[in-house]
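Survey of secondary and tertiary structure
Residue-level listing of the chains:
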Amino acid sequence: MLHPPPSKRRSEGAAGAAADRAALKPLVLVVEDEPALVTLLRYNFEAAGYEVATALDGDEALTAIAERRPDLVVLDWMLPSTSGLEVCRQIRRKAETRDVPVIMLTARGEEADRVRGLDSGADDYVTKPFSPAELVARVRAVLRRARPSTAEEALDYAGIRMDLAAHRVARNGRAIHLGPTEFRLLRHFLEHPGRVFAREQLLDAVWGHDVYVEPRTVDVHIRRLRKAINAEGEPDVIRTVRSAGYALDVDEA
Ligand code: CA
């Protein structure tokens, strides 16, 4: 055989394989200053099919969230410098992270603390010590509530509305006509607004694992998508992240 079968070619190498695996897994950011607990949670979340990012303090957490919007944050209350409560408030204050679900971890079990935690904007609250299996189950439940996107009829972000049932797209009320690939590309972005995707990840999510497509093909379709959705004078909603990939993102001026 002169060439490997198409489905094998793009997955060659560790980086390709990692991108393949990471493509559709929900990203959980674990914010915790005890390394042993971080290790335990990483192990359990990865075993349950999640991609895991970690931060050891509140400032690191806020930087990580700004760089790559997670699908959910597991946030320890007691952190050095910026507390978990303050991190949660800051997540809720910013438009681009307002909808990210937060599960607060804490050693405090009193009702008043529970209320303070939920008041800061946390979606759920788990008291230490807890079993990792219980936490994973709580994460799953919160994600299910937060993102019933497969059952949703429409996706909305930054004035862009995608009607999934009717297969129609509009921006600020203006109808937009997209080819099938651009439609799937935009749908993927709308399901993960603010999150940066590498070309390989977009290929897996939009074209599928078994198709051999040059990563540069992504650039072509991104260009078409931009042309279709950005009218004269409208801000570009697709952000090019140099040497990383693309994200659906609006700059807050
Ligand atoms: Ca702690």
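Since this is a predicted model, take the numbers as computed values, not measurements. (Residues numbered from 1 in each chain as written. Predicted model: local features only at pLDDT ≥ 70, side-chain atom pairs only at ≥ 80, totals over all residues. Heavy atoms only, no water.)

1. Concerning the sheet that holds strand β8 (residues 168-171)
The antiparallel open sheet is built from 4 strands, whose spatial order is β6-β7-β8-β9. The strands lining the two open edges of the sheet, one partner per strand, are β6 (154-157) and β9 (174-176). Taking the axes of each pair of neighbouring strands and ignoring which way they run, one obtains an average angle of 20° across the sheet. In this structure, β6 lies alongside strand β7 (residues 160-163), joined through 4 bridges in antiparallel fashion. Bridge pairing in β7 links aspartate 156 to arginine 161. Those strands touched by helix α8 (residues 180-191) are β6, β7 and β8, and its axis lies near 115° from that of β7. Its contacts with the sheet put helix α10 (residues 215-229) on β7, β8 and β9, and the angle it makes with β9 is roughly 160°. (Pairing = 2+ DSSP bridges. Helix = DSSP H or I, 4+ residues; strand = E, 2+ residues; numbered from the N terminus. Axes fitted to C-alpha atoms, helices over the stretch in contact; angles between N-to-C directions. Contact = heavy atoms within 4.5 Å.)

2. Here we look at helix α3 (residues 35-47)
Taking 1.5 Å per residue as the helical rise, α3 with its 13 residues ought to reach 18 Å, and the 18 Å between its terminal C-alpha atoms agrees with that figure. All of the buried residues along α3 are Leu37, Val38, Leu41 and Phe45. Axial view of α3: buried residues confined to an arc of 100°, hence all on one face. With respect to the buried face of α3, the exposed residues turned more than 90 degrees away are Pro35, Ala36, Thr39, Tyr43 and Ala47. In this fold, the buried residues of α3 make contact with β1 (27-31), β2 (51-55), β3 (72-76), β4 (102-106) and α7 (132-146). (Expected span 1.5 Å × (residues − 1). Buried < 20%, exposed > 50% of the residue type's maximum accessible area, 1.4 Å probe, protein only. Arc of directions from axis to C-beta.)

3. Here's the deal with the pattern of salt bridges
Inspection of every chain in the model, using the stated rule, returns 21 salt bridges. Between glutamate 32 and lysine 128 there is a salt bridge, and its shortest N-O distance comes to 3.0 Å. Taken together, the positions of glutamate 32 in the loop between β1 and α3 and lysine 128 in the loop between β5 (124-127) and α7 put the pair 96 residues apart, joining distant regions of the chain. Residues joined in a network through salt bridges with shared partners are Glu32, Glu34, Asp76 and Lys128. (Salt bridge = Lys/Arg side-chain N within 4 Å of Asp/Glu carboxyl O.)

4. A look at the packing of α8 against α10
Axis angle and axis distance: for two packed helices, these are the angle between their axes and the distance between the axes, and together they describe the pair. Packing of α8 against α10 leaves a shortest axis separation of 10 Å and a crossing angle of 80°. Judged on the interaxial angle alone, α10 and α8 are roughly perpendicular. Where α8 abuts α10, its residues Thr181, Glu182, Leu185, Leu186 and Phe189 lie against His221, Ile222, Arg224, Leu225 and Ile229. Here the contact of α8 with α10 is composed, by residue class, of 6 nonpolar, 2 polar and 2 charged. (Parallel < 35°, antiparallel > 145°, perpendicular 65-115°, else oblique. Nonpolar A, V, L, I, M, F, W, Y, C, P; charged D, E, K, R; others polar.)

5. Concerning the confidence of the model for the chain
Residues of the chain with pLDDT of at least 70 account for 85%, and the chain-wide mean is 83. Confidence drops under a pLDDT of 50 for residues 1-23, and excluding neighbours within four residues, the segment shows 29 contacts in the predicted structure. (pLDDT = per-residue confidence, 0-100.)

6. Some remarks on the coordination of the calcium ion
At the metal site, the calcium ion is ligated by Asp33 (OD), Asp76 (OD) and Met78 (O), and these contacts range over 2.0 to 2.4 Å. Linear spacing of the donor residues for the calcium ion on their chain is D-x42-D-x1-M. A relative accessible area of 3% means that aspartate 76 is categorised as buried. (Donors = N, O, S within 2.8 Å, 3.2 Å for Na, K, Ca; no water.)

7. Re the side chain of glutamine 201
Summarising the element assignment, glutamine 201 is placed in helix α9 (residues 199-207). Separated by 2.9 Å, the side chain of glutamine 201 and the backbone nitrogen of alanine 198 make a polar contact. (Polar contact = N/O pair within 3.5 Å; in protein donor to acceptor, adjacent residues only side chain to side chain.)

8. Looking at the packing of helix α4 (residues 58-67) against helix α5 (residues 84-93)
Viewed as axis vectors pointing N to C, α4 and α5 meet at an angle of 20°, and their least axial separation amounts to 9 Å. Compared by their axis directions, α4 and α5 come out roughly parallel. In the packing of α4 onto α5, the handedness of the crossing is right-handed. Residues Gly58, Ala61, Leu62 and Ile65 of α4 lie in contact with α5, whose contacting residues are Val87, Gln90 and Ile91. For the contact of α4 with α5, the per-class residue count stands at 5 nonpolar, 2 polar and no charged. (Left-handed = near helix turned anticlockwise from the far one by under 90°.)

9. Structural notes on the environment of threonine 240
Topologically, threonine 240 is positioned in strand β10 (residues 238-241). For threonine 240 and phenylalanine 197, which are 43 residues apart along the polypeptide, the C-alpha to C-alpha distance reads 9.8 Å. When sequence neighbours within four positions are dropped, the list of residues in contact with threonine 240 reads Arg226, Gly245 and Tyr246. Within the local environment of threonine 240, its side chain forms a polar contact with the side chain of arginine 226, the two groups lying 2.7 Å apart.

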